[in-house]
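Overview (structure and organization)
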Amino acid sequence: MKNKDLSRTLGGFYEALFRSFGPQLWWPARTRFEVVVGAILTQNTNWTNVEKAIRNLRREKLLKPGAMHALGVKALAERIRPAGYFNVKAKRLKAFLSHLFDNYGGGIDAFLKKETGVLRRELLTVNGIGPETADSIVLYAAGKPVFVVDAYTKRVLTRHGLIGEDAAYDEMQKLFMDNLPHEAGTFNEYHALIVRVGKEFCRPREPLCTDCPLGGFL
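Residues numbered from 1 in each chain as written. Predicted model: local features only at pLDDT ≥ 70, side-chain atom pairs only at ≥ 80, totals over all residues. Heavy atoms only, no water.

All told, the structure shown has nine salt bridges when counted by the stated rule. Between R8 and D5 there is a salt bridge whose closest N-O contact spans 2.6 Å. Taken together, the residues span about one helical turn, with R8 and D5 both in helix 1 (residues 4–21) at a distance of three residues. On the accessibility criterion, R8 (56% relative accessible area) is exposed. (Salt bridge = Lys/Arg side-chain N within 4 Å of Asp/Glu carboxyl O. Helix = DSSP H or I, 4+ residues; strand = E, 2+ residues; numbered from the N terminus. Buried < 20%, exposed > 50% of the residue type's maximum accessible area, 1.4 Å probe, protein only.)

What follows concerns the environment of Y104. Summarising the element assignment, Y104 is placed in helix 6 (residues 86–104). Separated by 18 residues in sequence, Y104 and E122 have C-alpha atoms that sit 12 Å apart. Sequence-distant contacts of Y104, defined by excluding residues within four places in its chain, comprise H99, A110, F111, K114 and E122. (Contact = heavy atoms within 4.5 Å.)

This next bit is on the packing of aromatic side chains. For the structure on display, the rule yields 14 aromatic pairs. When the ring of F147 is compared with that of F176, the centres are 3.9 Å apart and the planes differ by 5 degrees; the resulting orientation is stacked. Taken together, the residues F147 in the loop between helix 9 (131–141) and helix 10 (151–159) and F176 in helix 11 (residues 169–179) connect sequence positions 29 residues apart. Among the aromatic residues, those joined into a ring-pair cluster are Y14, F18, F147, F176, F187 and Y190. (Phe/Tyr/Trp six-rings, centres within 6.5 Å; stacked < 30°, edge-to-face > 60°.)

Spatial relationships are all this shows, so hold off on functional conclusions.
In C-alpha cells:
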C-alpha cells in the first residue's frame, strides 16, 4: 500500500542523489546479452573485475549466445577468471544458455520480451540466478520496471530507519515498488545512485554522514 510519507522520503532521496551525482548511465554494456553476462559475473565481486572478464570475452568474440553456448565450461571459466569464482560462474552462465537454447532457440530478444512477472519467475528457475541477479536482468536487459535491491540498498535504508536489520529482499523491494512510479528509467537510475552513495559515503565502517547527499534526511 502506498504511504505518502514514504513516497515523499524516497522521492527526496532520489532528487538529492541525482542532484549530487547526475545520471549514472547504467548498465554499461553494448548488447542485452552482455547485460545478462555481466549480471551473472558481478555476483560476489566488483565491477572492475567484471570488466576485465568482459574484455576477455569480447576480444575472443564470445559475447554472443551461440558462441558462448558452443564453448566448453572449462574454456569459458578460463576466460572469465578475472571475475572470481570463475568455475562456479562459468556453470551459471552455461545454465542460463542451456535454458535459452532449450526454450528459445538461443533468441535473447524472444526471452526478454516476456511479461515482467513471468520473466522474473523463469529466471529464478535457472541454477545460480537469485533475486538480485534476476531483477538486474529484468530491469537492465529487458527494460522492465522492477527495483533491484542489494547490500548498498539495505545499508542506506537501515541507517535511515526505513527498514529493520532483518528485512528480507522482497520487503525492501516492495518498499520502492509500492511508493514510486513504476518506470524502468527511474528504477534504473535510482539503483545506480544508491550504489554510488553506498560506495562513496554510506560505507560499512566510518560512514561519511556529514558530507553525504542524504545526510539531511537523518
